[in-house]
Amino acid sequence: MSEHPRELIRDLLSGQISPADLQAVQRAPKDPGRRETVISLERERVAFDEPILVCLQEALYVVELQGGERVTKCRCGHDFGDWRRNWKEAAAIVEREGESAYFPGPRAADPEWMVLREFYCPGCATRLDVEVVPPGYPFIHNFEPLLPGTAAGEGG
Amino acid sequence: MMEPQAMPTAEIPTETPILKRRLAERDERFARTGAYVDELGLWDEDPIRFELLYTKLSQVVANAHEVARLVSASPMTRELGELIFGLYTPEGDAVCLSHGLIVHVHTISRMIKWMIANDYEQTMGFAPGDLYFNNDPHIGGAHALDQMIVTPIYAGEELIGWSAGLTHVPEVGATAPGGFDSFFTTRFHEGLYLPCVKIGSGDELRPDMEILVERSTRTPVYWLTDNRAKVTGALMIRDAVLELTEEFGVDYFKRAGEEFIEDSLRAAKRKIASVLHPGTYREVAWRGSPIPGSERMLHAPVEITVREDGSVHLSFDGLSSNFWQPFQGSLSCLEGLVMNGLIQHVLYDSKHNEGTLLAATMEVPLGSCCNPDSILYPTTLWGPAYGAGLAVGQALSRAYYAQGYREEVHATSALSSGYTAGGIDQYGRSFGAHNMEFGAAGMPATAVHDGLDTSGVEFNPEGDMGDAEIWEQMLPSIYLAREMRIDGGGAGRFRGGNGIQSVYMLANTSEIEVGSFGSVPIYPSPGLMGGYPAATLYMWTGKDTNLRALIDAGEPVPAGEGDDPAEPEFRRLVDGEWKVHHGSNKATEPMAPDDMFTAVSGDGGGFGDSLDRAPEAVAGDVREGRTSRRAAREEYCVALDDSGELDQPATEQLRAARRRERLAEAVPADEYRRAARERLVDGRVSAPVRRMYNDLLENNEKFAARMHEFWDVDEQFRVPGGDGEASR
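Everything numeric in this text was worked out from a predicted model, so none of it was measured.

Participant: Lay out the overall build of chain A in plain terms, naming residues and giving numbers.
Facilitator: Helix and strand counts for chain A come out as three helices and eight strands. Across its three principal directions, the C-alpha atoms of chain A cover 50 × 45 × 30 Å. For chain A, the proportion of its 156 residues judged to be buried stands at 42%. Across chain A, every contact between residues at least 6 apart in sequence was considered, and the portion connecting residues at least 24 apart equals 41%.

Written as structure tokens, this is what we have:
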């Protein structure tokens, strides 16, 4: 299983990859070094210097601070606090009910049943997650990674 | 030649019939060793010969699929490809399967095992040429419409396997025509059930069983020709297998079937360990029951634990309780959907069989809406199981993302919708059927490209929308439009695929009712990592219209919805009594010729923040009618001039302004939680939502603990309101 060229993976992350190259990547056996390649490429794109341990999701990373503390950071550098805590508990939130610009007329959910709960980075205003939930639903903790070198369960 | 491995028999009574004994031994062996068989001896001996047999079997089941498709007279089968064929071990484990409705590989397996467990070997006495039928989802299947036929394969005196086929039949004699209705409250509304019934012997179908179907359903031709299709395919597989046993030897064939399963299991563990990031993943799907007086939101969560050794555990703890409403899945249905998800998202490059499902362990609470504790509960609209199955795919996407394999990441697939109808058709016959052009829903956005428009559905990746003319032959409705549903998919850095939306007029019928099947007014397909969900699903009906007068006068007739869903073109152009139906799956009030209605197929969720979408991509979508100008400006903050050209500086200004607006509008999480808690504790939520919470607070320890902790409420907390209403 050979590694793909670094430039190709860079294009994959940026969405610039050509359909033919994308198909080739999808068809090829998975390259075992991908995680490390992606982390090194992501380091070029973010506004902080600390090492990335996990790409948690679009724009969010688990990083290790100088003192060894591990936190969740946005690509802009905003710190969401301890990596084991659900980052949503430190986000900026908009709850949207009923019709909106993207969901006019009957395309919107009935707020009696469901609302849009939008989570933003307080630093750069990136929309990080949109939960579709009934009012009163606890925040969903989508991902608790098992970090390399940590015991199972340490993620919370 | 390999000798079959020694099997432990200590705890199984010696008088147990052969298949039942083998099934018990298989279960015991797997529980003890975690392996289907202990070694791949045939592969070690000659891998080429081993793979050659598998390849030949793959061709056999694919042939059966394609030939059977042409035998059927049902558009579901012929046009959409709502069918699948497979080969099973004597104990009922899938060995090799065709393309098509792969969700049902496992439901057929459940049927075979149910017959074995219920002593059919003794009471019915299996024989060559027997044809067994099942459409009972509590045994195996999703609903009465999913119908399977299996036949045993004998080499001489010995049963060496089963061949089987399944199709989705559009009419089953339910209390509502077409068999889909969100107001079914018991099994006895759902139509004709034949639970593991012998409908033929000596390769021939029994005439009395045909009469039963003819006199119990509205349009028996679909059921009966689908039976012929399934028998054709199953017998093709059987005959081809017997030829292959002459080429490879019976013992080799039997052992190879077991090793194919073990091979898949090992491949699954290897792949999971290498491509999915270890950790715990959680997603939640929602559906709703609209039964008047007991409307309830339905909670379908999944928690997936991926371990470093490649093992996976899926917990569905937290599912809403079962009750008298049809949005329920059987356990076999949920298992089939998990297998469907694992095959499509992770294990697409290995042999697809029982080994795929054995790679994962599952926990599904008994008494929940995906594992009912009574067969009396209806299961027609298995939405919670489908939602939970789709949520599995989304959770696995997060695991791929963290491991760097962005090309495998996707938001949630479409919840399919469509319409159902019954009455008197254009040939003067009583009919009931549903249109399933929703085989061409919008696909979800991925992390590297937009979702495909009008392309497929996750439960049947081979699906197709079918020719409009074929649907017009089947149903007394004429297409005025079949269009891409602009902005249907969720917005995002990559947008969800748009589904199709059709506008119909009724014609040549003296009596008809039409309904939709979809969901209550919720966003059915969430986005991922900042992407928006797909739009809600609904149906418009227009009664007492002036459409005929417009046609006679040569006036314009609607060619679709137009670009304003709040004021659709068909409503602007045609006078009539227009009404939008959200989530009413019930056949609506009677309609008449020249009345109109619409249907949507469903759309995919979006991925990432819409402000990260390349402005050029938005401009292109507007030019091609995939994104509206309104959405381009309001959601994507992309400025286009009158000719549709991109204005880059103005776009940058719009986006910067939107970021400022977002932060001005948003509140810190703590502040949000205080207000949301107050609302919940005061009971300022609707009855459907209150019923959902109180059912789970009462009946689900894990969910209750989460609510207590998150909202800081005591253990006796119930959402106030609805005094005296039952929690189940």
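Participant: Please set out the overall build of chain B residue by residue, giving values where relevant.
Facilitator: Of regular secondary structure, chain B possesses 21 helices and 20 strands. Computed over C-alpha atoms, the radius of gyration of chain B comes to 26 Å, within 12% of the 27 Å expected from 2.2 N^0.38 for 728 residues, which places it in the range of a compact globule. Considered along the principal axes of its C-alpha atoms, chain B spans approximately 75 × 60 × 60 Å. For chain B, with 728 residues in total, the buried portion stands at 59%. For chain B, the share of sequence-separated contacts (at least 6 apart) that also reach a separation of at least 24 residues comes to 75%.

Participant: Which residues make up the domain arrangement of chain B, and what values do they have?
Facilitator: Under the domain assignment used here, chain B contains domain 1 (18-267), domain 2 (275-611), domain 3 (612-665) and domain 4 (667-728). Each of domain 3 of chain B and domain 4 of chain B has a C-alpha centre, and these two points are 39 Å apart.

Participant: An account of the interface of chain B and chain A is needed here, citing residue identities and associated values.
Facilitator: Counting from both sides, the interface comprises 72 residues of chain B and, opposite them, 58 residues of chain A. Class assignment for the residues of the side of chain B that touches chain A results in 41 nonpolar, 15 polar and 16 charged. Here strand β8 (residues 143-145) of chain A pairs with strand β8 (residues 279-289) of chain B via three bridges, running antiparallel. Each bridged residue has a counterpart across the sheet, and for F143 of chain A the counterpart in β8 of chain B is Y281 of chain B.

Participant: Lay out the sheet that holds strand β5 (residues 92-96) of chain A in plain terms, naming residues and giving numbers.
Facilitator: The antiparallel open sheet is built from four strands, whose spatial order is β7(A)-β6(A)-β5(A)-β20(B). Of all strands in the sheet, those bounded by a partner on one side alone are β7 (127-133) of chain A together with β20 (667-668) of chain B. Here six bridges tie strand β6 (residues 115-120) of chain A to β7 of chain A, and the two strands are oriented antiparallel to one another. Across the sheet, residue L116 of chain A finds its bridge partner in β7 of chain A, namely V132 of chain A.

Quick notes on the rules
- Residues numbered from 1 in each chain as written.
- Chains lettered and ligands numbered in written order.
- Predicted model: local features only at pLDDT ≥ 70, side-chain atom pairs only at ≥ 80, totals over all residues.
- Helix = DSSP H or I, 4+ residues; strand = E, 2+ residues; numbered from the N terminus.
- Buried ≥ 20, exposed ≤ 12 C-beta atoms within 10 Å, placed from the backbone.
- Contact = placed C-beta atoms within 7 Å.
- Rg over C-alpha atoms; globule rule 2.2 N^0.38 Å.
- Domains from an automatic or database assignment.
- Nonpolar A, V, L, I, M, F, W, Y, C, P; charged D, E, K, R; others polar.
- Pairing = 2+ DSSP bridges.

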